[in-house]
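# Structural description and commentary
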Amino acid sequence: MWAHYDDRFADLTHYDSIFLVLHRAQFFNGAERFAYPAPAAVVYDLLLHLGPLRLAAFLTFTLCLGVLPAVLFGRALIRRGLACAPAITFIAVLILTSWPLLFLLERGNLESIVILFTFSGAAAFWQRRPLSAGVLWGLAACLKIYPLVLLLLLCTRRQRTAALLGLATFATALVFSFWFVGPTIEVAALGTVHGIGGFVSSYAMKTRGDELRFDHSYLAFFKAPLAIRHLHVNPDVRWLSRTYLLLFGIGAVVVYLLRARHLPRTNQFVLISIAMVSLPPVSYDYTLLHLYPAFALVTFLAVDAFRRGSTPVVLKHLFWCFTLVFASENFVYWLGLRLNGPIKAAALFVATIVLLRNELPDPMAVSVLDPAAPA
């Protein structure tokens, strides 16, 4: 996956040196500074205390994060009438061909913890426990800001108390982490802002060819052609990044207000999940794991439709999109352009258009058919 053999699990160990100055101002303003919100520093510090067991603990946790929800998903499919053998085969294929899971394992990124909270929050949301969903999504957002958009699902369902609880959880976790990281809450807060800003200026506002092939954000779709080496384009693309943030930011708000918030909650959930992993200026492929709850909903609808003797075209289109999103296209090149990221960005955009144009039923409201007659 990477040109350098010694780059495996690099995200897990990248900040080891600066944790020697944890609780000091140098933690945020040194030459190598922390680029995540302060709560992530608390998690990194806990992992460091595991010593030589850190990597094994991370790999075990991430594998369980992939396998255990898949087993629960398989059981749900069987309850909906799918025969045991095809259900097991389907789940095995999902796990073995999951490029986002493989990429997350190889990178050793903190995204594993974020995914735990977004998965759990999704389960609570669909089990009609909005307060739990709000808390869990708030915890996810305090580690990496972008899951905060999931709280829109609670606003549109007239569950504003749960959304406010999620925001309160987010804010409380930030303040306590600022206190822990130190040396003062003010220094840690400003350091977090500067660290995130430094990450955006280093990654979002420059074309980094080796990493763009793993970036499926809409911005990366436009940056990828500029990274072709023989074109010799200036890697500083601040103009493009700022234009993207302005146009896509305004466009996302307009689409949400005029169309998305009026759609059924299945559409809203899948759309906001897609927006969460595609609209940020940088979004590497391990974030695509956040889409598996949305994929589960579409699969439930497909199984129910198949049992009734028909499969709507909209579900077929969504399955093609998810296939491209979850599989690896790292082998696809064209004139020096690495197409894995652009293909995924295009698939996410097409899925968004499909969902905006077609209303989906609530898979939890559809009656489960008799499982005795396997599909």
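Reading the values: the criteria
- Residues numbered from 1 in each chain as written.
- Predicted model: local features only at pLDDT ≥ 70, side-chain atom pairs only at ≥ 80, totals over all residues.
- Heavy atoms only, no water.
- Helix = DSSP H or I, 4+ residues; strand = E, 2+ residues; numbered from the N terminus.
- Rg over C-alpha atoms; globule rule 2.2 N^0.38 Å.
- Buried < 20%, exposed > 50% of the residue type's maximum accessible area, 1.4 Å probe, protein only.
- Contact = heavy atoms within 4.5 Å.
- Areas by Shrake-Rupley, 256 points an atom, 1.4 Å probe, with all protein chains shown as cover.
- Expected span 1.5 Å × (residues − 1).
- Salt bridge = Lys/Arg side-chain N within 4 Å of Asp/Glu carboxyl O.
- Phe/Tyr/Trp six-rings, centres within 6.5 Å; stacked < 30°, edge-to-face > 60°.
- Lys NZ or Arg CZ within 6 Å of the ring centre and 35° of its normal.
- pLDDT = per-residue confidence, 0-100.

## What about the overall build of the protein chain?
Per the secondary structure count, the protein chain includes 18 helices and two strands. Taken over C-alpha atoms, the radius of gyration comes to 21 Å for the protein chain, in line with the 21 Å a tight globule of 375 residues would show. When its C-alpha atoms are laid out on the principal axes, the protein chain stretches across 65 × 50 × 45 Å. Taking all 375 residues of the protein chain together, 49% fall into the buried category. For the protein chain, the proportion of contacts with a sequence separation of at least 24, taken over those separated by at least 6, is 74%. Here the protein chain has roughly 17900 Å² of accessible surface; of this, 69% comes from carbon and sulfur atoms.

## Focus: helix α16 (residues 292–307)
In this model, α16 (16 residues) spans 22 Å end to end at C-alpha, consistent with the 22 Å of a helix rising 1.5 Å per residue. Across the 16 residues of α16, 14 count as buried, placing the element largely inside the fold. Just downstream of α16, Gly-309 is the residue with a positive phi angle, here 95 degrees.

## Considering the pattern of salt bridges
This structure, assessed with the given rule, holds nine salt bridges. Measuring nitrogen to oxygen at the nearest pair gives 3.7 Å for the salt bridge that ties Arg-107 to Asp-11. With a gap of 96 residues between them, Arg-107 in helix α6 (residues 99–107) and Asp-11 in helix α1 (residues 10–13) connect regions that are remote in the sequence. Here Arg-107 falls in the buried class, since its relative accessible area comes to 6%. Between Asp-362 and Arg-265 there is a salt bridge, and its shortest N-O distance comes to 3.1 Å.

## Notes on the side chain of Ser-273
Within the secondary structure, Ser-273 sits in helix α15 (residues 265–278). The class for Ser-273 is buried, based on a relative accessible area of 1%. When residues no more than four places from it in sequence are discounted, the contact partners of Ser-273 are Leu-150, Leu-291 and Ala-294.

## A look at the environment of Ala-87
Here Ala-87 shows up in helix α5 (residues 84–96). Relative accessible area serves as the criterion here: at 1%, Ala-87 is assigned to the buried category. When the C-alpha positions of Ala-87 and Leu-257 are compared, they lie 38 Å apart, and in sequence the two are 170 residues distant. Leaving out residues up to four positions away in the same chain, Ala-87 has contacts with Gly-74, Ile-78 and Leu-82.

## What about the packing of aromatic side chains?
Summed over the entire model, instances satisfying the criterion amount to 34 aromatic pairs. Pairing Phe-19 with Phe-27 gives two aromatic rings, centres 5.2 Å apart and planes at 80 degrees, and the pair type is edge-to-face. Among the aromatic side chains, those forming a connected cluster through ring pairs are Phe-73, Phe-90, Tyr-292, Phe-295, Phe-300, Phe-319, Phe-322 and Phe-326. Seen from the ring of Phe-300, Arg-80 lies directly overhead, with NZ or CZ sitting 4.5 Å from the centre. Note that Arg-265 overlies the ring of Phe-125, its terminal NZ or CZ placed 5.4 Å from the centroid.

## Here we look at the confidence of the model for the protein chain
Looking at the protein chain, pLDDT values average 89 and 94% of them are 70 or higher. Note that residues 367–375 has pLDDT below 50 and, in this model, 20 contacts with residues that lie over four places away or in other chains.

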